[in-house]
Amino acid sequence: MKSTPCLLCKHTHFYLLKDGRLECTACNHRYSPTKRAQTLELLEAFLAQHSPQNTAHTLGISLPTVQKNFAHFRHLCAILCERAYESRAGAFCEYEEYLFLPASKQKNLYQMVEGIGIMGLSTGKHVYTLLMPDHLHTYDAQIRANPEFIHTLSNYYQWHKISKLTTSATPLSRFWVFLEEFLKGFYGVKREHFGAYLKEAEFRFNHDKATQKSLLAQAWREHEARRLRAKMITTQEPPLSQVWKI
Ligand SMILES: [Zn+2]
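What you see is a predicted model, and the numbers here were worked out from it, not measured in a lab.

1. Points about the overall build of the protein chain
Counting its secondary structure elements, the protein chain contains 9 helices and 6 strands. Dimensions of the protein chain along its principal axes, counting C-alpha atoms only, are 75 × 50 × 40 Å. Across the 246 residues of the protein chain, 17% fall into the buried class.

2. Observations concerning unusual backbone geometry
One non-glycine residue, asparagine 28, lies in the positive phi region at around 70°. As for its placement among the helices and strands, asparagine 28 is situated in the loop between strand E2 (22–24) and strand E3 (30–31). Of note in the backbone geometry, glutamine 49 takes a positive phi value of approximately 60° without being a glycine. Within the element layout of this structure, glutamine 49 appears in the loop between helix H1 (33–47) and helix H2 (52–59).

3. What to know about the environment of cysteine 9
With respect to the helices, strands and loops of the structure, cysteine 9 is situated in the segment before strand E1 (14–16). On the basis of neighbour counts, which here come to 14 C-beta atoms within 10 Å, the residue cysteine 9 falls in the partly exposed class. Sequence separation between cysteine 9 and valine 127 is 118 residues; the distance between their C-alpha atoms is 35 Å. In this structure, cysteine 9 is in contact with Cys24, Ala26 and Cys27, ignoring residues within four places of it in sequence.

4. With respect to the packing of helix H6 (residues 171–184) against helix H7 (residues 194–206)
Look at H6 against H7: their axes get within 10 Å of each other, and the N-to-C directions meet at 120°. Considered as vectors, H6 and H7 are oriented oblique to each other. The handedness of the crossing between H6 and H7 comes out as right-handed. Residue-level contacts link Phe175, Phe178, Leu179, Phe182 and Leu183 of H6 to Tyr197, Ala201, Arg204 and Phe205 of H7. Each residue belonging to the contact of H6 with H7 can be placed in one class, and the counts come to 8 nonpolar, no polar and 1 charged.

5. Side note on the sheet that holds strand E6 (residues 127–131)
Strand order in the open sheet made by the 3 strands is E4-E5-E6, with antiparallel pairing throughout. Sheet topology places strand E4 (94–100) and E6 at the edges, where each strand pairs with a single neighbour. On average, each strand axis in the sheet is tilted by 25° relative to the strand beside it, whichever way the strands run. Two elements, E4 and strand E5 (residues 116–122), share 7 bridges in a ladder whose sense is antiparallel. Opposite glutamate 94, over in E5, you have serine 122 as the bridge partner. Contacts from H6 reach E4, E5 and E6, with the element oriented near 140° to E5. Sitting on the sheet, H7 touches E5 and E6, and the angle it makes with E6 is about 175°.

6. Here's the deal with the sheet that holds E2
Across the sheet, which stays open at both edges, the 3 strands sit in the order E1-E2-E3 with antiparallel pairing between neighbours. This sheet does not close on itself; its edge strands, each paired only once, are E1 and E3.

7. Considering H7
The first and last C-alpha atoms of H7 sit 18 Å apart over 13 residues, in line with the 18 Å expected at 1.5 Å per residue. For H7, the set of buried residues is Leu198, Lys199, Glu200, Ala201, Glu202, Phe203 and Asn206.

Conventions and cut-offs
All chains use their own residue numbering, which begins from 1 and follows the written sequence. For this predicted model, a pLDDT threshold of at least 70 governs which residues receive local features, and a threshold of 80 or more governs which side-chain atom pairs are given and counted, while totals over whole chains, interfaces and linings are taken from all residues. Numbering of helices and strands starts at the N terminus; helices are DSSP runs of H or I of at least 4 residues and strands are runs of E of at least 2. Exposure criterion: with C-beta atoms placed from backbone coordinates, a residue whose C-beta has 20 or more other C-beta atoms within 10 Å is buried, one with 12 or fewer is exposed, and one in between is partly exposed. By the criterion used throughout, residues are in contact when their C-beta atoms, derived from the backbone, lie within 7 Å. Angles here are taken between N-to-C directions and fall from 0 to 180 degrees, while the axes themselves are lines fitted to C-alpha atoms, restricted in helices to the stretch in contact. Convention used here: angles under 35 degrees read as roughly parallel, angles over 145 as roughly antiparallel, angles from 65 to 115 as roughly perpendicular, and any remaining angle as oblique. For any pair of crossing helices, the crossing counts as left-handed if the nearer helix is rotated counterclockwise from the farther one by less than a right angle, and right-handed if it is rotated clockwise. Under this grouping Gly is polar, as are all residues other than the nonpolar Ala, Val, Leu, Ile, Met, Phe, Trp, Tyr, Cys and Pro and the charged Asp, Glu, Lys and Arg. We call two strands paired when DSSP finds no fewer than two bridges between them. Each residue after the first adds 1.5 Å to the expected span of a helix.

See below:
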């Protein structure tokens, strides 16, 4: 029977096995069409920004499975962002440093040392981001010695002015607003996971919905093919005891 191309050899003819799985007639790779369809549904839910809880409920999948898949898609977004950066490396013309500070910490100016520094680069159309090393606490002694110094820092980052979009907004200023809105949907992101969410926001900002879907689906297929090939190599390798006997 015919099916979507085999992940490993792109062949389109398969045997239907008793357990419902398909086996490629060229390379014998087996896969479950039901599981593949579920992965696509998870990808759609991720792209539509449905919560893991709702997705688990709607698709009848356990919450840890949904969370694991969403984290994997987020990781693929980061890979795609890095690839895009490599292809546009010479085209960046705008740079801006931004300070991300959760809304709960924005009321007290002195809490800005808890913020996360981000360097933004733009080609005029696409953006690329880099997480800055945690460095704001290095200003602690200076702020203690001169509390007014916090205003100098605040003016430098201008984080309190970002929320106002103007018609002359640059891609980076639009991206900072987009990032703030995007992160609100998660009700708090742990600091150690911030980089992954930042890359997801960058990916979503740089591509329209249809492109996001085709890029992410393609990246998933490539990643899965690499994983399967690696698995085949390790399972084909003879046990170490046999190697020594030779
Ligand atoms: Zn095959």
